[in-house]
Every structure is written in C-alpha cells, then in structure tokens.
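Architecture and fold: a report
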Amino acid sequence: MFRLKLPTDPRWANIAENNLEEILSDHAWCEQKAATNAVHLIIQNAEKPELVSEMLKISIEEMEHFKMVHDIILERGYEFLRERKDDYVGELAKYMKKNSDGSRESGLIERLLFAAMIEARSCERFKVLSETIKDQKLAKFYRELMESEAEHYTTFIKFARKYAETIDVEKRWNAWLEEEARIISGFGKKETIHG
C-alpha cells in the first residue's frame, strides 16, 4: 500500500520490545507532533475548507492517540519520558524544505507528502510491532492504531493530488520514496518509533 522501498529490519522490534518505556514515550511524542503538523497545515491553508476540516479531525485523533499511549505508560507504571529529537523526521524535513520551490503550491504539496511519508513509515512500524511483540494487549493496540494511521496517510496523499496544479504528485511521491529509503537505511537500531 505505501510502496516503501526498504522494510523495517525485524530486529528493530526486539529492540523496541526490550525497551517499552522508551518506545511508548517516543510514540506518545510522535502522536503530539503529528497533531502539531495537522494544525500547521490549518494555519498555512485556512482558505481551503475541506483541508481545514480534515486536518481538524486528524489533529484531534492524533491527540486522542497521544492520550491512549500516555494512559498505557501510566497503567504500566512507566515514567513518561521527555521528548527527544527525532532525527528521522528531521532528515525528512530537510528534504521537504530543499524540494519546495518557495511557491504556496509547492510548500503545501511537499508538506502533505512529508506527512504522508511519516504516516506510511509509522504504519509499517506499527505493523511490525503488532506482528512480533509478545505482549498481546500491546500487539492488538498497535494493530488497531495501524489502521487509523493508514487512513491519515491516504488523506495526505489525496489532498496532495487535489491541490497539485503544476506538480506531478506521483513523480514527487516516487522521489520521496527513494529519499526515505536512503534515510531509513541509517535507522532501526534505537528504541524509538523511527529510530
């Protein structure tokens, strides 16, 4: 569905499972950042009512996910750890900025593809977790979350196609997939969602 070029090394799931306190805290912060990204899209594109309505839904849903993950952290007696820099997302953000030509159209399309890419990789990671971790309650949680996040991916791609006037979205998405494969090849060794 996502056409990711490089699948997650299954050993990453072992790292994640052995560091659940870290992975859950990182995951909560990923949900908060996804909500913030949706709000950013609203602020930058207030004149697009359909986009604003969908981003409102996504921002609320992402904060609901944040609460769900935070609740799991508390239920398990874990400490909710401080937010850490997400180097993977940072690399994608650099690529987004480098490929925007400064026009409003380009800025919007690149931001939507940036968001779609993060959702795609997150879904793929949630799938890996749901299929490999021994904790059945957490595996079920990640399976359900994967389905919700897949809808977000679809929404971002749909809006990129809708608002592209002079940009070939399929060509840009293929370029994003190539760049993401290059970026993710250096990750998968840390106890973070994208690490």
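Rules and cut-offs
- Residues numbered from 1 in each chain as written.
- Predicted model: local features only at pLDDT ≥ 70, side-chain atom pairs only at ≥ 80, totals over all residues.
- Heavy atoms only, no water.
- Helix = DSSP H or I, 4+ residues; strand = E, 2+ residues; numbered from the N terminus.
- Rg over C-alpha atoms; globule rule 2.2 N^0.38 Å.
- Buried < 20%, exposed > 50% of the residue type's maximum accessible area, 1.4 Å probe, protein only.
- Contact = heavy atoms within 4.5 Å.
- Areas by Shrake-Rupley, 256 points an atom, 1.4 Å probe, with all protein chains shown as cover.
- Lys, Arg positive; Asp, Glu negative; His and termini not counted.
- Charge placed at Lys NZ, Arg CZ, Asp CG, Glu CD.
- Axes fitted to C-alpha atoms, helices over the stretch in contact; angles between N-to-C directions.
- Parallel < 35°, antiparallel > 145°, perpendicular 65-115°, else oblique.
- Left-handed = near helix turned anticlockwise from the far one by under 90°.
- Nonpolar A, V, L, I, M, F, W, Y, C, P; charged D, E, K, R; others polar.
- Polar contact = N/O pair within 3.5 Å; in protein donor to acceptor, adjacent residues only side chain to side chain.
- Core = buried A, V, L, I, M, F, W, Y, C linked by side-chain atoms within 4.5 Å.
- 1 Å grid on protein atoms, 1.4 Å probe; cavity = no way out; pocket = protein on both sides within 12 Å on 5 of 7 lines; lining within 4 Å.
- Points joined across faces, edges and corners; volume = space filled by probe spheres on them.

1. Considerations on the overall build of the protein chain
Scanning the protein chain from N- to C-terminus turns up seven helices and zero strands. Against the globule reference of 16 Å for 195 residues, the protein chain gives a C-alpha radius of gyration of 16 Å, in line with a compact fold. When the 195 residues of the protein chain are sorted by exposure, 51% land in the buried category. Restricting the contact set of the protein chain to residue pairs at least 6 apart, pairs at least 24 apart contribute 83%. By element, 54% of the accessible surface of the protein chain is carried by carbon and sulfur atoms, the whole surface being about 9,800 Å². Here the protein chain contributes 31 positive and 37 negative side-chain charges, whose respective centroids are spaced 3 Å apart.

2. What to know about the environment of phenylalanine 141
Tracing the sequence through the fold places phenylalanine 141 in helix α6 (residues 136–163). The exposure class assigned to phenylalanine 141 is buried, which follows from its relative accessible area of 10%. Between the alpha carbons of phenylalanine 141 and glutamate 75 there is a distance of 14 Å; along the sequence they are 66 residues apart. Each residue touching phenylalanine 141, except ones within four places of it in the same chain, is listed here: His27, Met68, Val69 and Ile72.

3. Comments concerning the packing of helix α5 (residues 104–132) against α6
Two packed helices can be described by the angle between their axes and the distance between those axes. Relative orientation of the contacting elements α5 and α6 amounts to 160 degrees, with a least axis distance of 8 Å. With respect to α6, the element α5 is oriented roughly antiparallel. Considering only the axes of α5 and α6, their crossing is left-handed. A per-class count over the contact of α5 with α6 returns 21 nonpolar, two polar and five charged.

4. Looking at the packing of helix α2 (residues 20–44) against α6
Two elements in contact, α2 and α6, have axes separated by 14 Å at closest approach and are oriented at 20 degrees. What the angle tells us is that α2 and α6 run roughly parallel. As α2 packs across α6, the resulting crossing turns out to be left-handed. Contacts from Leu20, Leu24, His27, Glu31 and Leu41 of α2 reach α6 at Leu138, Phe141, Tyr142, Leu145, Glu149 and Phe156. For the contact of α2 with α6, a count of residues per class yields eight nonpolar, one polar and two charged.

5. Overview of the side chain of glutamate 124
Examined against the element boundaries, glutamate 124 turns out to sit in helix α5. Given the relative accessible area of 13%, glutamate 124 is considered buried. A distance of 3.0 Å separates polar atoms of two side chains, one belonging to glutamate 124 and the other to arginine 121. Contact partners of glutamate 124, with chain neighbours within four places excluded, come to Leu4, Pro7 and Thr8.

6. Section: the nonpolar core
With 62 residues, the main nonpolar core has Leu24, Met55, Trp173 and Trp176 as its most contacted residues. When residues of this core are traced back to their parent elements, those giving at least two are α1 (11–17), α2, α3 (49–75), α4 (87–99), α5, α6 and α7 (169–184). Sort the elements by how many residues they give to this core and α5 lands first, with 14 residues. With residues up to four places along the chain from it excluded, the contact list for methionine 55 reads Ala38, Leu41, Ile42, Thr155, Phe156 and Phe159.

7. Overview of the layout of surface pockets
Taken as a whole, the largest pocket spans an internal volume of roughly 380 Å³. As for the largest pocket, its lining consists of 22 residues, of which Cys30, Lys33, Ala34, Asn37 and Ile118 are closest to the centre. Secondary-structure elements contributing two or more residues to the lining of the largest pocket are α2, α3, α4, α5 and α6. Here the lining of the largest pocket is built from residues that sort into ten nonpolar, five polar and seven charged.

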